[in-house]
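Observations on chain architecture
Chain by chain, the residues:
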Amino acid sequence: MKQEYTALATPHISPTSVNDLACSKRFWTLRVLKQWPPRPPQTYSAFGTAVHAISARVFDPKNSPLPNLDHLEIWAREAFFKARYADRDARQRDMDRAKRMVVGYTQQIDCEEAEGTIATERPMHVPIFVDGRLLFVLSCVADRLLVHANDPDTLVVVDLKTGKPKIELDQSCVALAILKMTMPGYARFVLHYDWIDEGGRVDRDTVTTADVKGIWPRILSRAVEVLTAEEHLSEPNPGCVYCCLRPSCQPEVGVALDDATDLFEE
Ligand code: SF4
């Protein structure tokens, strides 16, 4: 039976959740009903969150001149004490690692770019209406927004990454679409992915609006299709491998070794 999600929280489509649209059941269960299976604490994601929080303070225009490392120790403590750690030593190790990464990062960002920062950790939202009804909200948090002094018509968003480099253009497309709709005064929009490794070395990938051309209409029509469907059935896709619903959605079928031995004997 169709469930009216107007009684639920309005679903958000973000760079993080857009890939879930590949399967109607997955998006509906996780992003609308918010029925997440129990998960163990994600230490790595807590670490990434803390690195982002420290970097946001280091590049915050309020702390100019940028980058500002004067209070790194305090900002690191504030960020890491928010995360649950099994013991103080583990927290201290991660804190030291994060400080090394952030310091290394600042050394590779030129001063002109750092000083061009206009905001850090900026939440951005665009409610999308269909036939006068709020269907979903596009949302993201921009790690760093900047405008180069020599290119004032281009808005740049920097997405800091602590994981393995991998670009998903659907995610880039959602971020750029939100940017275009919320800050229409700029002529051009650019997305930098800054991949920081353990030693603070940075690799930068750039995605422009030309790179995501043609993708946006597909995302929008898929969002409408999923959110107005009568039923939300499973739709197997390559992302099933990482899906947290897989144990219940596609239970493993075990076979006894004796039954598997003579498979091709007549
Ligand atoms: S395992 Fe695959 S088919 Fe099942 S809910 Fe997840 S993404 Fe959908």
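Residues numbered from 1 in each chain as written. Predicted model: local features only at pLDDT ≥ 70, side-chain atom pairs only at ≥ 80, totals over all residues.

Where helix α1 (residues 24-32) is concerned, the buried positions are Arg-26, Phe-27, Trp-28, Thr-29 and Arg-31. Once α1 finishes, Lys-34 follows within two positions and takes phi at roughly 55 degrees, a positive value. (Buried ≥ 20, exposed ≤ 12 C-beta atoms within 10 Å, placed from the backbone. Helix = DSSP H or I, 4+ residues; strand = E, 2+ residues; numbered from the N terminus.)

Of the residues in the protein chain, 95% reach a pLDDT of 70 or more, and the chain-wide mean stands at 93. The least confident element of the protein chain, judged by mean pLDDT, is helix α9 (residues 257-261) at 87; the most confident is helix α6 (residues 169-182) at 98. Across residues 1-5 the pLDDT falls below 50, and counting only partners more than four positions away or on other chains, this stretch makes 3 contacts in the model. (pLDDT = per-residue confidence, 0-100. Contact = placed C-beta atoms within 7 Å.)

For the protein chain, the assigned domains are domain 1 (11-30 + 116-225 + 237-249) and domain 2 (41-113). A separation of 23 Å is found between the C-alpha centroids of domain 1 and domain 2. In this assembly, 18 residues from domain 1 lie in contact with 19 residues from domain 2. Listed by contribution, the elements that provide at least two residues to the side of domain 1 that touches domain 2 are β2 (117-130) and β3 (133-146). Broken down by element, the residue count for the side of domain 1 that touches domain 2 peaks at 4 residues, all from β2. Within the side of domain 1 that touches domain 2, the residues separate by chemical class into 6 nonpolar, 7 polar and 5 charged. (Domains from an automatic or database assignment. Nonpolar A, V, L, I, M, F, W, Y, C, P; charged D, E, K, R; others polar.)

With glycine set apart, most residues show a phi of negative sign, and most peptide bonds adopt trans. Omega for the peptide link from Ser-64 to Pro-65 comes to 5 degrees, which places this bond in the cis form. Along the polypeptide, Pro-65 turns up in the loop between α2 (43-58) and α3 (72-80). For the bond running from Leu-66 to Pro-67, omega is -10 degrees, close enough to zero to count as cis. Mapped onto the elements, Pro-67 comes out in the loop between α2 and α3. Backbone geometry places Lys-34, a non-glycine residue, at a positive phi of 55 degrees. With respect to the element layout, Lys-34 can be found in the loop between α1 and α2. Its 10 C-beta neighbours within 10 Å are what place Lys-34 among the exposed residues. Positive phi outside glycine occurs at Asp-131, with the angle close to 50 degrees. Structurally, Asp-131 is set in the loop between β2 and β3. When the 6 C-beta atoms within 10 Å are taken as the criterion, Asp-131 is described as exposed.

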